[in-house]
Amino acid sequence: MRWLIRRVLKQGKGAVSYEEDVHFGDVLSIGRAADQAIFLSDIRAALNHARVTSQGPGRYQVESLILAGIRVNGELTYATTVGAGATVEIASTRIVLLDPPRDFEAAVEISALDKAEQEAVKAKRAKPTSLKETWIGKRFPSWVLFLLVLVFGLLLPAATHFIPPLGRVIAHSGLPTTASWNPGPLDAAHRFFGDDCKQCHQTPFLTVRDDACTTCHTRMAAHADPARFNLPALGEARCGSCHQDHLGLDGMVNTDQSLCSDCHTDLKARTKDASQLADATDFATAHPEFRVRLPAWDAQGAFAPQLTRLTPGLKENSGLKFDHALHLKPDLNAPSGRRTLDCATCHVPDAGGLAMKPVNFETMCHDCHTLGFDTFAPDRQVPHAKVAEVVYMLDDYYAKRALEGGYTETSAPGFVQQRRRPGDQPLSQQETIEALSWARNKSRQVADSVFTGRACVTCHTVTRPSGPANVPGGGWQIAPVRVAGIWYGEARFTHAKHSTMNCNDCHKAAESKTATDLLIPDLANCRQCHAGESGGSKVASTCIACHRYHQSVTLQLKQL
Amino acid sequence: MNARHESILNHAGSRWLWISLGLSLVSLIAYAWHSPSVPPNGGTWLGYTLGTIAGLLILWLMFFGIRKRSYSGSSSLRGWLSAHVYLGTTLILIALLHAGFQVGWNLHTFFLVLMLLVIFSGFFGVYCYLRYPTLMTRNRESATRSNMLEEIAELDQNALALADGIDPKVHGVVLRSIQNTRLGGGVLTQLRARDDSDAALAGIRAALAAREKSNQAATGAKSGQTIFAMVDFLASGTNDRQAEALRKLIDLLSRKKSLASRVARDIQYQALMEIWLYVHVPLSFATVAALFAHVVSVFFYW
């Protein structure tokens, strides 16, 4: 086999010359030993470093004869089969395997690497020795992360605000919508529409408008008319100034004392006498005495309570005569035996716990205070609270007894006293007239006694302004009564929240001998337990504990 | 002159430590004193104030990347870094106070988490900057890395010359050892301080096994490591002159091995000092984007 060995000789200034040589043999040996076909003088070459075997035109097998292997086309290898054009590098020598020219079966070209080339090869093979030279970088990931966060954190959610259909698609895909901006849990009542931010946040970069609130809260009462009470804070107050959502259950109701005390100081002067309210800034230190709704009735008899400031010795007119002290004595003598009454016998809280149910005669008083009118008929009683009915009933009753006979009272005519048996002669016309006349008189007498002597007058004030006229009901009038009800018109006292207290802690009923004693507690009584915002050892109670902000009875928020 | 070494932590009498502590204390006092009608959150006046401070701090901390590259500043870069570290740490507290310690499944908490990741990766950086320069100096033994690399190249040449005088087989072993000594490499290789000889060895060993199967011309190649190969050779009995040369060769190669592992360690320390920045910097840019998204979204739905 004929090998062409071409040596490339560099002669400076880029000039190159070639020196060709012929080698006979199947194998081309490469090494530093003298007997090698290609002799390398470099110490980095082994004596018998490698061999190249031709496997046909342009096909060569390259084998390393040492442990270190050789570099073929830059790859470290022990044995490989390559085509023409492959490069074998040993030390500073480059051997290129060529397509054999005519008359040769194999060919190689040998060139020495100059310094620059050696450096370049070395640099190429050198591995990175600092992170800067590796694949990782900072600029690209920075851009990627910056843009990812911007797109998914801001731009995409913002787009769902402006394009609602896109929002629905994105919400289903699990990608972030404006819901990802939700800073905290909504108030429970707002959650059912909480996915749709726009229900409240109607315009981007504008605070939530009151319209958004009053769309649902249609009948919310206003606080006061900002036109009449010219206070800047009142006019500028938005719903959101006090009601902050996204703070769970804590944020919605502002219970700060300053919510009220900022304005309710020097109020008369600042509203130019438009407000007549006394100043109140702290329950413990600056709060006026309570005003109670004293029972009163207008000319038509309609209930028209009088808001009156509590003063010591203030009397009330409930329309009733009642001795609390007497009724609270133990072992009262009742028709059914000995009974001991307590407050709850007559005063029962209503279902909401706010006030007491009205006192009910039938269930509470009637056991003892029976309304019987005739000893000959102890079971018969007049109805309660129906003046005309009482008179009609008495008329009917005595007319019946007069005509039936057998009414053995001595004042009655004989034929009325006489019991009639079946088959007796009926009363003559004259007797009938007499009997009915007696009955009418008797009925009047008994009515007088019932109204003014025995029954009604025990508890009620009974008058007969029109005299014994023949008006329905005989002209008797019972004064109107109001016992239980809302006493504090300007605050919301609820009995339910005070169930740990005893009644007489606040209501001095056991010492009251007359119904005109006002048993409603005053400011000092409440202050025993309650103080203002900085409660100290007492119950910290800000204004909102008793008062409402949305308290106007005439003005609604929507009207502002 | 102060004999103590001044580090980024105690720069200028720990000036930035005190400034940061002062800022933290003021924020804490304000937070404790502030009693809004609602639970503390970013929407109260203090929330807005702390949020503004925190946002400006983030932008200022980002500016360190620019300041680092400019060499014209009047103040020292070490001072800047000291401030960067301390104020960056303070940012954790200010951000938490700003949020009123409220977290949720939302963009705002994502922002917080990103920010904390940046800060904690920065803590690792501080640890590296305080620890590795000393270790690096000790490791280099007052040489530079290029000194060591030059010495390795020289040792390689000497070893080859020496091996050539002993036996072609030994020469081959030394050649292989030179080839196997590959310093540096990919990110993990750099961080693990490996001179890559094991990896190269494994590749060659596999090829070797294949070669042995076909060609039973096995020599002392079974043992992977150069020195073992040479001890094998020694044991196989040679004349005294060769043994002497071999011992010298082993000395040379041991010296080279120790140099190579020192260079590898040098590369490792350097890589450790830099690697956290590849987390810190991209995450900090993500944090800036999150800051922007946070502020805009909050006022978008005011």
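Report on the accompanying structure. Everything quoted here is computed from the prediction, not taken from an experiment.

## Structural notes on the overall build of chain B
Turning to step 1, where the next piece is worked out: The number of helices and strands found in chain B is eleven helices and zero strands.
Turning to step 2, where the next piece is worked out: Seen in sequence order, chain B has helices and strands lined up from the N terminus as α-α-α-α-α-α-α-α-α-α-α.
Turning to step 3, where the next piece is worked out: The buried share of chain B, reckoned over its 302 residues, is 37%.
Turning to step 4, where the next piece is worked out: When contacts within chain B are restricted to residue pairs at least 6 apart in sequence, long-range pairs at least 24 apart make up 74% of them.

## Focus on the overall build of chain A
Turning to step 1, where the next piece is worked out: For chain A, the helix and strand inventory stands at 17 helices and 20 strands.
Turning to step 2, where the next piece is worked out: Taken over C-alpha atoms, the radius of gyration comes to 56 Å for chain A, far larger than the 24 Å a tight globule of 560 residues would show.
Turning to step 3, where the next piece is worked out: Looking at chain A residue by residue over its 560 residues, the buried ones come to 21%.
Turning to step 4, where the next piece is worked out: For chain A, restricting intrachain contacts to residue pairs at least 6 apart in sequence, the fraction spanning at least 24 positions comes to 46%.

## Overview of the interface of chain B and chain A
Turning to step 1, where the next piece is worked out: Counting residues at the interface gives 56 residues for chain B, matched by 48 residues for chain A.
Turning to step 2, where the next piece is worked out: For the side of chain B that touches chain A, the secondary structure elements donating two or more residues are helix H4 (107-140), helix H5 (145-164), helix H6 (168-180), helix H7 (187-192), helix H8 (197-214), helix H10 (240-275) and helix H11 (277-300) of chain B.
Turning to step 3, where the next piece is worked out: With 16 residues, H11(B) is the largest single contributor of residues to the side of chain B that touches chain A.
Turning to step 4, where the next piece is worked out: Residue composition of the side of chain B that touches chain A, grouped by class: 33 nonpolar, 17 polar and six charged.

## Some remarks on the sheet that holds strand S8 (residues 75-77) of chain A
Residue and element names in this part refer to chain A.
Turning to step 1, where the next piece is worked out: Across the sheet, seven strands lie side by side as S2-S1-S12-S11-S10-S7-S8; this open sheet has mixed pairing. Two strands lie at the open edges of the sheet, namely strand S2 (16-24) and S8, each paired on one side alone. When strand polarity is set aside, the average angle formed by the axes of neighbouring strands in this sheet is 25°.
Turning to step 2, where the next piece is worked out: As paired strands, strand S1 (residues 2-10) and S2 are joined by nine bridges and run antiparallel to one another. Bridging across to S2, Arg7 finds its partner in Glu19.

## Some thoughts on the sheet that holds strand S5 (residues 50-54) of chain A
Residues and elements named next belong to chain A.
Turning to step 1, where the next piece is worked out: With mixed pairing, the five strands of this open sheet are ordered in space as S4-S3-S5-S6-S9. Across the chains shown, the open sheet's two edge strands, defined by having one partner strand only, are strand S4 (38-39) and strand S9 (79-83).
Turning to step 2, where the next piece is worked out: Two strands pair when backbone bridges link them, and strand S3 (residues 27-31) and S5 are joined in this way by four bridges, in the antiparallel orientation. Note that in S5 the partner of Ser29 across the bridge is Arg51.

## Comments concerning the nonpolar core
Turning to step 1, where the next piece is worked out: Counting residues in hydrophobic clusters, the biggest one holds 51 residues, and the most contacted among them are Ala159(B) and Val174(B).
Turning to step 2, where the next piece is worked out: Of all hydrophobic cores here, the second largest spans 35 residues; its members include Leu50(B), Ile58(B), Leu107(B) and Ala286(B).

## Section: the packing of helix H2 (residues 45-69) of chain B against H11(B)
Residues and elements named next belong to chain B.
Turning to step 1, where the next piece is worked out: Contact geometry of H2 with H11 gives a least axis separation of 11 Å together with a crossing angle of 150°. Accordingly, the angle class assigned to the pair H2 and H11 is roughly antiparallel. For the pair H2 and H11, the sense of crossing is left-handed. Packed against H2, whose contacting residues are Gly55, Ile58 and Met62, the element H11 presents Ser284, Thr287, Val288, Leu291 and Val295 at the interface.
Turning to step 2, where the next piece is worked out: Residue classes in the contact of H2 with H11 are distributed as five nonpolar, three polar and no charged.

## Considerations on the environment of Phe64(B)
Residues and elements named next belong to chain B.
Turning to step 1, where the next piece is worked out: Of note, Phe64 is situated in helix H2.
Turning to step 2, where the next piece is worked out: Owing to 18 C-beta atoms within 10 Å, Phe64 belongs among the partly exposed residues under this scheme.
Turning to step 3, where the next piece is worked out: Expressed as a C-alpha distance, the spacing of Phe64 and His84, which sit 20 residues apart in the sequence, is 7.2 Å.

Rules and cut-offs
Residues numbered from 1 in each chain as written. Chains lettered and ligands numbered in written order. Predicted model: local features only at pLDDT ≥ 70, side-chain atom pairs only at ≥ 80, totals over all residues. Helix = DSSP H or I, 4+ residues; strand = E, 2+ residues; numbered from the N terminus. Buried ≥ 20, exposed ≤ 12 C-beta atoms within 10 Å, placed from the backbone. Contact = placed C-beta atoms within 7 Å. Rg over C-alpha atoms; globule rule 2.2 N^0.38 Å. Nonpolar A, V, L, I, M, F, W, Y, C, P; charged D, E, K, R; others polar. Pairing = 2+ DSSP bridges. Axes fitted to C-alpha atoms, helices over the stretch in contact; angles between N-to-C directions. Core = buried A, V, L, I, M, F, W, Y, C linked by C-beta atoms within 7 Å. Parallel < 35°, antiparallel > 145°, perpendicular 65-115°, else oblique. Left-handed = near helix turned anticlockwise from the far one by under 90°.

That's the geometry; what it means functionally is another story.
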